[in-house]
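As a plain string of letters, each chain reads:
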Amino acid sequence: PESVKSKGTRGQRDALILEKQNHPHVFALGLKDAACKEPGCFILSACGALGGCTACWARKAVLEKYANGLDDYRCCQGYVD
């Protein structure tokens, strides 16, 4: 869609999403190419994913870089509080 018809908070949320629809930024290595281009990292990540290790590590790294570390962690992004 070209414009948002919703009003209020839903309209604001929809407008933010609409702004990102043609976002030019992409990852340096696409997920579909990861296994072939970086096999070592792919295999280690896959092994760690079975126990949730890679997800926990990534979550912790992002929270430490962009927030106040694990103090700002909210289970299920706050949807289940």
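Residue numbers here run from 1 along each chain, matching the order of that chain's written sequence. It should be noted that, the model being predicted, local features are given only for residues of pLDDT at least 70 and side-chain atom pairs only at 80 or more, the latter also being counted only at that level, while totals for whole chains, interfaces and linings use all residues. Calculated side-chain values reflect all of the structure's heavy atoms, with hydrogen atoms and water omitted.

A. Structural detail: the overall build of the protein chain. Strands here mean DSSP runs of E at least two residues long; helices mean DSSP runs of H or I at least four residues long; both are numbered from the N terminus. Looking only at helices and strands, one finds 4 helices and 0 strands in the protein chain. Here the radius of gyration uses the C-alpha set of atoms, whereas the globule reference equals 2.2 Å times the residue count to the power 0.38. For a compact globule of 81 residues, the expected C-alpha radius of gyration is about 12 Å, and the protein chain comes in at 18 Å, more than 25% above that figure. C-alpha extents for the protein chain along the principal axes are approximately 45 × 35 × 20 Å. Taking all 81 residues of the protein chain together, the buried fraction comes to 10%. In the form shown here, the protein chain has an accessible surface area of approximately 7500 Å², with 60% of it arising from carbon and sulfur atoms. Charge assignment in this entry is limited to Lys and Arg as positive and Asp and Glu as negative, and neither His nor the chain termini are counted. Charge coordinates come from a single atom per side chain, which is NZ of Lys, CZ of Arg, CG of Asp or CD of Glu. A gap of 5 Å separates the mean positions of the 11 positive and 9 negative side-chain charges of the protein chain. Accessible area is worked out with a 1.4 Å probe on protein chains only. A residue is then buried under 20% of its type maximum, exposed over 50%, and partly exposed in between. Exposure was quantified through the Shrake-Rupley algorithm and a 1.4 Å probe, taking into account, for residues, occlusion by the shown protein chains and nothing else.

B. Local environment of the pattern of salt bridges. Salt bridges are defined by distance alone: a side-chain nitrogen of Lys or Arg within 4 Å of a carboxyl oxygen of Asp or Glu. The tally for this structure, following the rule as stated, stands at 3 salt bridges. A salt bridge links R13 to D14, with the nearest nitrogen and oxygen atoms 2.8 Å apart. Look at R13 and you get partly exposed, because its relative accessible area is 44%. The class for D14 is buried, based on a relative accessible area of 19%. Across the pair K32 and D33 runs a salt bridge, and its minimum N-O distance is 3.4 Å. Judged by its relative accessible area of 73%, K32 falls in the exposed class.

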